[in-house]
Amino acid sequence: MKTKAKIMDEKSINRAITRIAHEIIEKNKGVEDLVLVGIKTRGIPLANRLGNKINEIEGKEIPVLTLDITLYRDDLTEVDDQPVVDADKFEYDITNKIVVLVDDVLYTGRTVRAALDALVDKGRPKKVQLATLVDRGHRELPIRADFVGKNVPTSKSEIVSVMLEETDEENKVLIKEIK
C-alpha cells in the first residue's frame, strides 16, 4: 500500500481529543453518569486519552472501559477462522449511564453496530453516543457519530490508517491507497 496523504499529526490528534472532550462535557451538561467505552483496538487508547482530558477539564475521573466486539461482528468468518477473544474486561454496570463509545475510524458502521449489540449484553444504558477520531463516510448502516475529530472524504480504494503511540509507537493518521 502506498501512503497518499498524512491527514493528522500528533498535534492535530491532541487538538481533536481536547475538542471532543469539551463537546462531550457540553452535550451532557457535565460528566454525571458518564462512561467511556473504547472499542478494541485503537478505540481503547483514544478512550483513555479522552478520559484523561475530561478529568483534566472537570477534575473528575470517569470510568473508561474496554469492549471486545470480536464475537459480535457480522464478518467474523472473513476476519479469521478461529478468532481470538480477550477475556472480558468489562466489569461495570452501565445501566442508566450515558455511554460514549469511542473508536478510531467510522466507515461502514458495522463495527459500531457490533459494539451496540455487545453493549446490550452488558446492561441497559440511558443513552449511547459515539465519538470517533476520523469519519470517512461510506456508511452501510444508519449510524452517525455524535463527536468527530475530523471528517475525511475518501474513496473505497483507500484506507484510513490511525497510528497511536500506545499501539504503534507514533501518533498520526494516514490515507493509504490500495494497489
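By the naming in an unreviewed UniProt entry, the protein is Bifunctional protein PyrR, taken from Caldisalinibacter kiritimatiensis. Looking at the Catalytic activity (unreviewed entry) heading of the UniProt record, one finds this comment for the protein: "UMP + diphosphate = 5-phospho-alpha-D-ribose 1-diphosphate + uracil". What the UniProt record of the protein gives under Subunit (unreviewed entry) is the line "Homodimer and homohexamer; in equilibrium."

Q: Can you walk me through the nonpolar core in this structure?
A: For soluble globular proteins, the rule of thumb is that nonpolar side chains tend to be buried together. Counting residues in hydrophobic clusters, the biggest one holds 31 residues, and the most contacted among them are I24, L36, L50, I54, L133 and V173. If you list the elements that add at least two residues to this core, you get strand 1 (2-8), helix 1 (10-27), strand 2 (34-39), helix 2 (43-58), strand 4 (98-106), strand 5 (127-135), strand 7 (158-163) and strand 8 (172-177). The biggest single contributor to this core is helix 1, with 7 residues. Residues within four places of V173 in sequence aside, it is in contact with A5, K6, I7, M8, I13, L133, V134, V160, S161 and V162. One finds V112, I143, A145 and V148 within the second-largest nonpolar core, a separate group that totals 20 residues.

Q: Would you mind showing me how to read the sheet that holds strand 1 here?
A: Note on sheets: strands pair through backbone hydrogen bonds, and any given pair is parallel or antiparallel. Strand order in this open sheet of 3 strands is 1-8-7, and the pairing throughout is antiparallel. Edge strands, defined here as strands with exactly one partner in the open sheet, are strand 1 and strand 7. Averaged over neighbouring strand pairs, the angle between their axes works out to 25° when direction is ignored. Taken together, the 6 bridges between strand 7 and strand 8 define a ladder with antiparallel strand orientation. What sits directly across from M163, in strand 8, is K172. Contacting strand 1, strand 7 and strand 8, helix 1 runs over the sheet at an angle of about 45° to strand 1.

Criteria and thresholds
Residues numbered from 1 in each chain as written. Predicted model: local features only at pLDDT ≥ 70, side-chain atom pairs only at ≥ 80, totals over all residues. Heavy atoms only, no water. UniProt positions renumbered as here; feature names shortened; annotations may be inferred. Core = buried A, V, L, I, M, F, W, Y, C linked by side-chain atoms within 4.5 Å. Buried < 20%, exposed > 50% of the residue type's maximum accessible area, 1.4 Å probe, protein only. Helix = DSSP H or I, 4+ residues; strand = E, 2+ residues; numbered from the N terminus. Contact = heavy atoms within 4.5 Å. Pairing = 2+ DSSP bridges. Axes fitted to C-alpha atoms, helices over the stretch in contact; angles between N-to-C directions.

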